[in-house]
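Descriptive analysis of the structure
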Amino acid sequence: QRNPAWWSDAVVYQIYPRSFADSDGDGLGDLGGILAHLDHLEALGVDVVWLSPVYPSPQDDNGYDISDYQGIDPAFGTLEQFDELLAQVHRRGMKLVMDLVVNHTSDEHPWFVESRSSKDNPKRDWYWWRPARPGMEPGQPGAEPTNWHSFFSGPTWELDEASGEYYLHLFARKQPDLNWENPEVRRAVHAMMRWWLDRGVDGFRMDVINLVSKDVDADGNLHDGPPLPGTPYGDGSASYMNGPRIHEFLQEMHREVFAGRDAQLLTVGEMPGVTLEEARLFTDPARGEVDMVFQFEHVSLDHGPGGRFDPHHLRLTDLKASFGRWQAGLADVGWNSLYWNNHDQPRVVSRFGDDSGEFRVRSATCLGTLLHLHRGTPYVYQGEELGMTNYPFTSVEEFRDIESLNHYRQAVQQGADSQAVLAGLREQSRDHARTPMQWDATEHAGFTTGTPWLPVNPNHDVVNAEAARADEGSVFHHYRRLVDLRHTVPAVAHGDFTMLLPDDERVYAFTRRLDEEELLVLCNVSGEQVRVELPDGWAGSELLLGNVAGDPADVAELRPWEARVHRRT
Ligand code: ISL
């Protein structure tokens, strides 16, 4: 029942470098800024830092479009500075995990520059080049090799005028997909990964890694997907999500890169659309693939039929059903990763909590408790530990994210009402996660002395790290206690999980048990006082952690957004 892996009682902190801290006044976060704030992470007590991409990049998708896998973008710093950061992180007893983005490169990566240079270039086959649809002229509307819709709107194919062929890009047109069918591509990726491990990094977060195997037939053809209503496109996901060779590719990577040192590392595969059944295979240690995956089910529960930009209210019972299924499904084999936030998700306190002055701290600590008391490895995204909120965007000009901007353009072009599209962005845009980290109450929140690349949330006068660290009742100190609880109470990391009250729309409750020790977790995910029916024997139990000052009069009584962890032995 105990997971022997070191990461089973670890907490990971994600840094999105461009928004974390700027050390040179250019308005963009950098490695120097991270170096200057390691105390913050140490005070929080986290075990691992995951760094979003810092490699050289044209920054079309904020660094997820890489033009050199073995360097540091000058905007972020130098390789020497990176080595210094790694050493400092290690000196403080933490580990450093890098982002690995190998489904695609930048179109400015030398591999792609070569590949595009001519049809008979040796690297031509490193990417997915295809002629126009039979019987159609290149460039003609609908002549793309397949009907697939890109994650970032528009078709997944871009015509290269010079050769008259199209290349595949599941994301932006500046992010051509690598052809993993070609063994040279895989060998080059493995060599690059070994180079970073030899430098001392402690693992990888693998960007959209379950998209690397495409379902291509013996004649080299890719196939159309079912039409997406209201668009000229189709849904190609059956052709690239969890594709036919994905397990083979990950096992090969494990053999070629991790073998002999995997016990020291952490590997997590980001996997949009991954099912529980697939996740069991990906994370079964006996199969040698990855330690854990990021699944997307719980962050899709508030998406409507039109996807993420057509949001609706989360039903707590849906969240319980989803998390409960993943907890049960990965109990005997594999491992969960636990997250509310990352650089692609709106802020959880605004999304599932209540970011008003009255309940911001209470609901942020409630949601943090709910998540961190599950079995799995929790991930904290920068600013989440401060209860940072969504940004009050008012016009489309304020957004910078390519996904948001492309979606807006396409939706309006297809006849949608621009105010309605804007309303979707205001709820769900990835830019909510990307506004600068709020360090203090000064101008630009201590993030930069220059002009921040994305505006700082005006609430930084109240919501900031300096104020939070000085206040024992802050979200920061609550998260610190959550991390500490995982380190000191073995049932938090290793106990089994039993959901209680599955049909209750307001209270999220469960128990965790390890040997003789049992925890009861109660979270009132509502702004009303509630009373719940509890199993017997919890009256008078020890209160390990709560987010409301003062002992509760009665275990079964929960104040608005109250969260408590009880223990009995
Ligand atoms: O949630 C999403 C679908 O609407 C995307 O934002 C999702 O996060 C994406 O499918 C996968 O994200 C990862 O790969 C992208 C990059 O833009 C994201 O920042 C990264 O996390 C392409 O590299």
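Residues numbered from 1 in each chain as written. Predicted model: local features only at pLDDT ≥ 70, side-chain atom pairs only at ≥ 80, totals over all residues.

**Here's the deal with the site of the ligand**
Around the ligand sit 14 residues, and of these Asp-61, Tyr-64, Phe-171, Pro-272 and Asp-344 come closest. A breakdown of the residues in the shell around the ligand according to their chemical character gives six nonpolar, one polar and seven charged. (Near = placed C-beta within 6 Å. Nonpolar A, V, L, I, M, F, W, Y, C, P; charged D, E, K, R; others polar.)

**A few points about the sheet that holds strand E5 (residues 157–160)**
In space, the three strands of this open sheet follow the order E4-E6-E5, with antiparallel pairing throughout. Each edge of the open sheet carries a strand with a single partner, namely strand E4 (129–130) and E5. Looking at chain direction, E5 and strand E6 (residues 165–168) are connected through four bridges and run antiparallel. Counted as the bridge partner of Trp-157 is Leu-168 from E6. (Pairing = 2+ DSSP bridges. Helix = DSSP H or I, 4+ residues; strand = E, 2+ residues; numbered from the N terminus.)

**Section: the environment of Trp-111**
Inspection of the secondary structure puts Trp-111 in helix H4 (residues 110–117). What makes Trp-111 partly exposed here is the crowd of 19 C-beta atoms within 10 Å. Note: C-alpha distance between Trp-111 and Asp-68 (43 residues apart in sequence) is 9.4 Å. Contacts of Trp-111, omitting those with residues within four sequence positions, involve Thr-105, Lys-123 and Trp-126. (Buried ≥ 20, exposed ≤ 12 C-beta atoms within 10 Å, placed from the backbone. Contact = placed C-beta atoms within 7 Å.)

**Here we look at helix H9 (residues 316–329)**
In this model, H9 (14 residues) spans 20 Å end to end at C-alpha, consistent with the 20 Å of a helix rising 1.5 Å per residue. Restricting attention to buried positions, one finds in H9 the residues Leu-316, Lys-320, Phe-323, Trp-326 and Gln-327. The buried residues of H9 all sit within an arc of 140° when viewed along its axis, so they share a single face. Residues of H9 that are buried make contact with helix H8 (276–283), strand E14 (496–500) and strand E15 (507–514). (Expected span 1.5 Å × (residues − 1). Arc of directions from axis to C-beta.)

**Focus on the packing of helix H12 (residues 402–413) against helix H13 (residues 418–428)**
Two elements in contact, H12 and H13, have axes separated by 10 Å at closest approach and are oriented at 155°. When the axis of H12 is compared with that of H13, the two are roughly antiparallel. Here H12 and H13 pass one another in a crossing that is right-handed. On H13, the residues that touch Ser-404, Tyr-408, Ala-411 and Val-412 of H12 are Ser-418, Val-421 and Leu-425. Looking at the contact of H12 with H13 residue by residue, the classes come out as five nonpolar, two polar and no charged. (Axes fitted to C-alpha atoms, helices over the stretch in contact; angles between N-to-C directions. Parallel < 35°, antiparallel > 145°, perpendicular 65-115°, else oblique. Left-handed = near helix turned anticlockwise from the far one by under 90°.)

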